[in-house]
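Examining the three-dimensional arrangement
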Amino acid sequence: MAFYGGERADAFLPGTSCFAPEQSGSLGYVDQPLLTVGSDLVLEAEETKEIEFILGAYREPAQVQEYKERYFGTNALEETRDFWQKLCGDLTVDTPDDDLNRLFNQSLLYQTVTARLWGRTSFYQCGGAFGFRDQLQDVLALLYTAPDLAKAQILRHASRQFWEGDVLHWWHEGKELKGVRTRFSDDRLWLPYVAAQYALVTGDRSIWDEECPYLDGAVLDIEEDEHYGIYETGNKKGSLYEHCIKAIDIGLTFGRHGLPLMGGGDWNDGMNRVGGEGRGESVWLGFFLYDILGHFTAICHFRSEEGRSQDYASVRKQLFIALNEGGYDGAWYLRAYFDDGSPLGSHQNEACMLDSLSQSWAMISGGGEAEKTRLALDSAWDALVDHEHRLVRLFTPPFSDQGANPGYIRDYPPGIRENGGQYTHGALWLLSAYIKAGNPKRAGLLLEYLNPLKKTEAERKIYRLEPYVVAADIYSMPPYAGRGGWSWYTGAASWFYRIIIKDLLGMEKAGKKITFHPLVLPGWR
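Section: the sheet that holds strand β7 (residues 177-182)
- Reading across from one edge, β5-β6-β7-β9-β8 is the order of the five strands in this open sheet, with antiparallel pairing throughout. Edge positions in the open sheet fall to β5 (130-131) and β8 (211-216), since each of these has one partner strand only.
- With two bridges joining them, β5 and strand β6 (residues 168-172) adopt antiparallel strand pairing. If you follow Gly-131 over to β6, its bridge partner there is Trp-170.
- The sheet contacts of helix α7 (residues 240-250) involve β8 and β9 (226-239), and relative to β9 the element is tilted by about 130°.

Structural data, given as structure tokens:
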């Protein structure tokens, strides 16, 4: 049933009745509902019937007949089912954990594609924009069953890079390209990270030679942290490989401790004042860059760029030293250094004494020394895993309005979202780290805490979100500990999928070669 401009449309489903707005009561805040559909249904004892509602939109009433013929004259519902069954069913898992099987086989890819890639919206996040780091991370889950979708997204993002190497933090596409140019340091690096993963998993090395344009736009002024505007595609083009090299090279700027400069923020946007003056350094970014340089040392060698390969290898060795000396705090890794050289994520800090990201990526990237990484993961377990509420804090303690100001992150109340709540994206990275460390007990427990299908009846009363999709965040402080923040629109869905198949079940795919090195959890056969 359809309405256009508030008028009743002549597009009725057989057997249904349509009630005009004046015939309906109030729907919450809205006195004039846009759409009301009713259908009379009589069921005999033990009888089952199925009803299909098709909702649509059109610009002109004359299009109604065309749409009716297109959708009522086809098996659109079956085609839709077939599409999702193929996308989600081409790779399925069968483990002793039925809840894990259901989450992986039925939910995670669906959540990723519908809410993140296509809609870029949900009940809790009504933006519709592309995020440079966001949708790139999302397609990591598609490398196994829908690599074409992943490739298209990678190339789309490459075309949102400026000649100087930086990128649009987010943008809207329409008649005009509108977005924001920032000083975030990690955005651009997700392009080489995801492109390298794509080439490795699919074996498609031709992607490096795909030509992509650069954007035209004024460079940010010295006093300008960001600029929102309309941008146009310029005349300059470069291969994807060249785009990735620009992204890496612009990031090879280091501070007094030999760590990469944080700029206007790294993965945590809310820490926008840690390096806002241009001297702050990010330990997490160092581990991320260490991982990327490892891939591109090999990629540059394969493309016969021996000089660049050797340069990257040299920078990587220096970065390893810096991370494990200036980036270490005695029992865990720091999160960052402020512009003035004071640490963040240190035992010296009253807030954000220990942040999970650096501990996770010390293990994920291989950039942490073995004993230091072991101690760091032990510290993270003791400080961040809340067994009472079955959640994993991003860091602890939360920021308040006292002490050094890291940025707008402390505008969130303590324990809410990035300010010390469970930010599931980061919690999953910690899960990945324990799997890679070969710790089945800790990995199994976190897997149970993070799977929404595992929540007890008592937990669900507090959680108050859909049990079949991954939540972006969960509050960690009383009186709301265990309350879900928002769901659907979160990159955690893609990472959950990837961590299950790649880390937990240990499936490494390189072109046509597949190997398995699973971590067998307690109680599993």
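Let's pick the thread back up.
What about the sheet that holds strand β10 (residues 281-282)?
- One open sheet accounts for three strands, arranged β10-β11-β12; its pairing is antiparallel. Two strands in the sheet have a free side with no partner beyond their single neighbour: β10 and β12 (343-344).
- Here β10 runs beside strand β11 (residues 336-337); their pairing, made up of two bridges, is antiparallel. Bridge pairing links Ser-282 to Ala-336 in β11.

Brief notes about unusual backbone geometry
- Across the junction of Thr-396 and Pro-397, the peptide omega takes the value -15°, indicating a cis bond.
- Secondary-structure assignment places Pro-397 in the loop between β16 (395-396) and β17 (422-423).
- Across the junction of Pro-478 and Pro-479, the peptide omega takes the value 5°, indicating a cis bond.
- Mapped onto the elements, Pro-479 comes out in the loop between β18 (473-474) and α15 (492-504).
- One non-glycine residue, Arg-120, lies in positive phi territory at about 50°.
- Among the structural elements, Arg-120 can be located in the loop between α3 (98-119) and β5.
- Residue Arg-120 is classed as buried on the basis of its relative accessible area of 15%.

Points about the confidence of the model for the protein
- Across the protein, the average pLDDT comes to 91, with 93% of residues at or above 70.
- For the stretch residues 1-25, pLDDT sits under 50, and the model shows 49 contacts to residues farther than four places along the chain or on other chains.

Quick notes on the pattern of salt bridges
- Counting across every chain of the model gives 35 salt bridges.
- Across the pair Lys-454 and Asp-99 runs a salt bridge whose closest N-O atoms are separated by 3.5 Å. Here the residue Lys-454 occupies a position in the loop between α13 (440-450) and α14 (457-463), and Asp-99 occupies one in helix α3, the gap between them amounting to 355 residues.
- Classification of Lys-454 by relative accessible area gives partly exposed; the value is 24%.
- Classification of Asp-99 by relative accessible area gives buried; the value is 17%.
- The shortest N-O distance in the salt bridge between Glu-371 and Arg-374 comes to 2.6 Å. With Glu-371 and Arg-374 both in helix α11 (residues 370-384) and three residues apart, this pair spans about one turn of that helix.

Overview of the environment of Ser-494
- Within the secondary structure, Ser-494 is located in helix α15.
- For Ser-494, a relative accessible area of 1% translates into the label buried.
- Separated by 385 residues in sequence, Ser-494 and Leu-109 have C-alpha atoms that sit 7.0 Å apart.
- One polar contact links the side chain of Ser-494 to the main-chain carbonyl oxygen of Gln-137, over a distance of 3.2 Å.

Calculation notes
- Residues numbered from 1 in each chain as written.
- Predicted model: local features only at pLDDT ≥ 70, side-chain atom pairs only at ≥ 80, totals over all residues.
- Heavy atoms only, no water.
- Pairing = 2+ DSSP bridges.
- Helix = DSSP H or I, 4+ residues; strand = E, 2+ residues; numbered from the N terminus.
- Contact = heavy atoms within 4.5 Å.
- Axes fitted to C-alpha atoms, helices over the stretch in contact; angles between N-to-C directions.
- Buried < 20%, exposed > 50% of the residue type's maximum accessible area, 1.4 Å probe, protein only.
- pLDDT = per-residue confidence, 0-100.
- Salt bridge = Lys/Arg side-chain N within 4 Å of Asp/Glu carboxyl O.
- Polar contact = N/O pair within 3.5 Å; in protein donor to acceptor, adjacent residues only side chain to side chain.

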